[in-house]
Amino acid sequence: MTNRVALVTGGNGGIGTEICRQLAAAGYRVVTTCVDPDKEKIREWQAARKSEGYDIHWVQCDVSDFESCRQMAQKVEAEVGPVEILVNCAGITRDSFLHKMDKANWDAVIGVNLNSAFNVTRQFIQGMRERGFGRIVNISSINGQTGQFGQTNYSASKAGLHGFTMALAKESARKNITVNSIAPGYIETEMTAAIPEDVRNEIIKSLPSGRLGQPHDIARVVLFLVADDADYINGALIPVNGAQFCSF
Ligand code: CAA
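Described in the following lines is the structure provided in the data block. (Residues numbered from 1 in each chain as written. Predicted model: local features only at pLDDT ≥ 70, side-chain atom pairs only at ≥ 80, totals over all residues. Heavy atoms only, no water.)

**Concerning the layout of surface pockets**
Item 1. What the largest pocket holds in volume is close to 1,400 Å³.
Item 2. Every residue lining the largest pocket is counted, 49 residues in all, and those nearest its centre are G91, I92, T93, Y154 and M191.
Item 3. At the level of elements, α1 (14-25), β2 (29-34), α5 (142-146), α6 (152-172), α7 (190-193) and α8 (197-206) are the ones that each hand at least two residues to the lining of the largest pocket.
Item 4. Residues of the lining of the largest pocket, tallied by class, amount to 24 nonpolar, 19 polar and 6 charged. (1 Å grid on protein atoms, 1.4 Å probe; cavity = no way out; pocket = protein on both sides within 12 Å on 5 of 7 lines; lining within 4 Å. Points joined across faces, edges and corners; volume = space filled by probe spheres on them. Helix = DSSP H or I, 4+ residues; strand = E, 2+ residues; numbered from the N terminus. Nonpolar A, V, L, I, M, F, W, Y, C, P; charged D, E, K, R; others polar.)

**Points about unusual backbone geometry**
One can expect most non-glycine residues to show negative phi and most peptide bonds to be in trans.
Item 1. Look at K41: it is not a glycine, yet its phi comes out positive at around 50 degrees.
Item 2. Among the structural elements, K41 can be located in the loop between β2 and α2 (42-51).
Item 3. With phi around 60 degrees, N176 is a residue other than glycine that occupies positive phi space.
Item 4. With respect to the helices and strands, the residue N176 is situated in the loop between α6 and β6 (177-184).

**Some points on α6**
For an α-helix the count is 3.6 residues per turn, leaving residues at separations of three or four pointing the same way.
Item 1. If you check α6, its first and last C-alpha atoms are 30 Å apart, about what 21 residues at 1.5 Å a residue would give, namely 30 Å.
Item 2. Among all positions of α6, only N153, Y154, S155, S157, K158, L161, H162, T165, L168, A169 and S172 are buried.
Item 3. Buried-residue contacts for α6 involve α4 (103-131), β5 (134-139), α5, β6, α7 and β7 (237-240). (Expected span 1.5 Å × (residues − 1). Buried < 20%, exposed > 50% of the residue type's maximum accessible area, 1.4 Å probe, protein only. Contact = heavy atoms within 4.5 Å.)

Nothing here speaks to function; it is all geometry.
Here is the structure:
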């Protein structure tokens, strides 16, 4: 068991919720961010976790906004403690073919999925360096590896996120900080539920497993990567996609 502080951005989402549960079950003191506490019903979410036996803190933060992240970091470190585990999980889709895509939908996806990695990680990296310990996990996507129809914004953000991972891993390796990416395939969440039904059915039919993955399939890899003794797995991209996309 450990009691290190773990911050999960977007920890109240489909994959994030399971990451929070599993981290809390392993003893981590877990904090999630949320953008709009009322709209996201974060108090109800927190109460539901409490009823499952998990005490999870939350803090309001727009991860696409640097100043909001600065304030969030001050609050978390003052109220809970220094962040030693960071899971950059907040992500959105705004799918459309490029020839129909609004600039607002490009900017929103790059802001939440990619700029957030800088905005959030920048708040904690110096402390991790000074303490000589840190575990950072970035939730990328299979669609950052392969590209996907309607997702020039999302695919670019998720591929960019892994570039960020590799560079920061090199910068941090001598400080006992690891930085890794996970590339989920199609996981059963609200995000995949929002894919038009006919397209979603085609995608599921094309999967070697014939089914969507589950949030716990991702959370278990997060737990593996953030362990104290997972100190030589660094700069990696771990695919979790039911054999959908295999490569050397
Ligand atoms: N594979 C093959 N063909 C596709 C396709 C796909 N995934 N998506 C769209 N097309 C084809 C359509 O079949 C259609 O072909 P025809 O013209 O021959 O009929 C053509 O592209 C135009 O498609 P639409 O009529 O649907 O056009 P649209 O502009 O209304 O919508 C779209 C296009 C936004 C791409 C829409 O089809 C869509 O939302 N597709 C799903 C995109 C997707 O997979 N998103 C993943 C979200 S989950 C996620 O991102 C999580 C993760 O990390 C994995």
